[in-house]
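Structural description and commentary
Letter by letter, the chains look like this.
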Amino acid sequence: MNFLIKNISTHLIRNQRQLLMQCSRFATDAKFIEELTKKNKVVVFMKGVPDAPRCGFSNAVVQILNMHDVKFDAHDVLSDEELRQGIKDFTSWPTIPQVFINGEFIGGCDILLQMHKDGSLIETLWKNAGIKSALAEDESLGGDDKK
């Protein structure tokens, strides 16, 4: 009986250690990802790189940001599986690409495309990050309303 209790106790302690290590790793990963999201005013986690996107959704995000003449940091999640899963866990968002403006998670391709279409991306870039969109015409949004 004591042998059985000792084995169960050893097994529970080992599982507890593994769980604590996983939680610690996630906390470290979350802190690392949070730091990445704040290194530039606009940060994109994507498949591929801006010059060679490896999925249509990532390509669309790059094209939208390029139309607005926005400089951004890009992180290729295909080159790092831990980053790929880590960013999904960090945002609780299941898909890639993921866009951050001034450290705030904005969304993926569909949301960025909608913001581009309805004009709210211009306002978000200006108000949240002080970035003047190349498409801005309203002076209050960093544009030139005398065009």
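Attention here is on the structure that accompanies the text. (Residues numbered from 1 in each chain as written. Predicted model: local features only at pLDDT ≥ 70, side-chain atom pairs only at ≥ 80, totals over all residues. Heavy atoms only, no water.)

As a further point, take the nonpolar core. Counting 19 residues, the largest nonpolar core has Val 42, Leu 65 and Ile 101 as its most contacted members. The element that contributes the greatest number of residues to this core is helix H2 (residues 56–67), accounting for four residues. If we ignore the near neighbours within four places in the chain, the residues touching Leu 65 are Val 42, Val 44, Val 70, Phe 72 and Leu 112. (Core = buried A, V, L, I, M, F, W, Y, C linked by side-chain atoms within 4.5 Å. Buried < 20%, exposed > 50% of the residue type's maximum accessible area, 1.4 Å probe, protein only. Helix = DSSP H or I, 4+ residues; strand = E, 2+ residues; numbered from the N terminus. Contact = heavy atoms within 4.5 Å.)

With respect to the helices and strands, Ser 133 occurs in the segment after helix H5 (120–129). Since its relative accessible area comes to 1%, Ser 133 is described here as buried. When sequence neighbours within four positions are dropped, the list of residues in contact with Ser 133 reads His 68, Ile 122 and Leu 125.

For the pair H2 and helix H4 (residues 109–118), the least separation of the axes is 9 Å and the interaxial angle reads 30 degrees. Between H2 and H4, the angle falls in the class roughly parallel. Seen along the crossing, H2 lies across H4 with a hand that is left-handed. Facing H2, whose interface residues are Phe 57, Ala 60, Val 61, Ile 64, Leu 65 and Met 67, H4 presents Cys 109, Leu 112, Leu 113 and His 116. Per-class residue counts for the contact of H2 with H4 are nine nonpolar, one polar and no charged. (Axes fitted to C-alpha atoms, helices over the stretch in contact; angles between N-to-C directions. Parallel < 35°, antiparallel > 145°, perpendicular 65-115°, else oblique. Left-handed = near helix turned anticlockwise from the far one by under 90°. Nonpolar A, V, L, I, M, F, W, Y, C, P; charged D, E, K, R; others polar.)

Geometry only, nothing functional implied.
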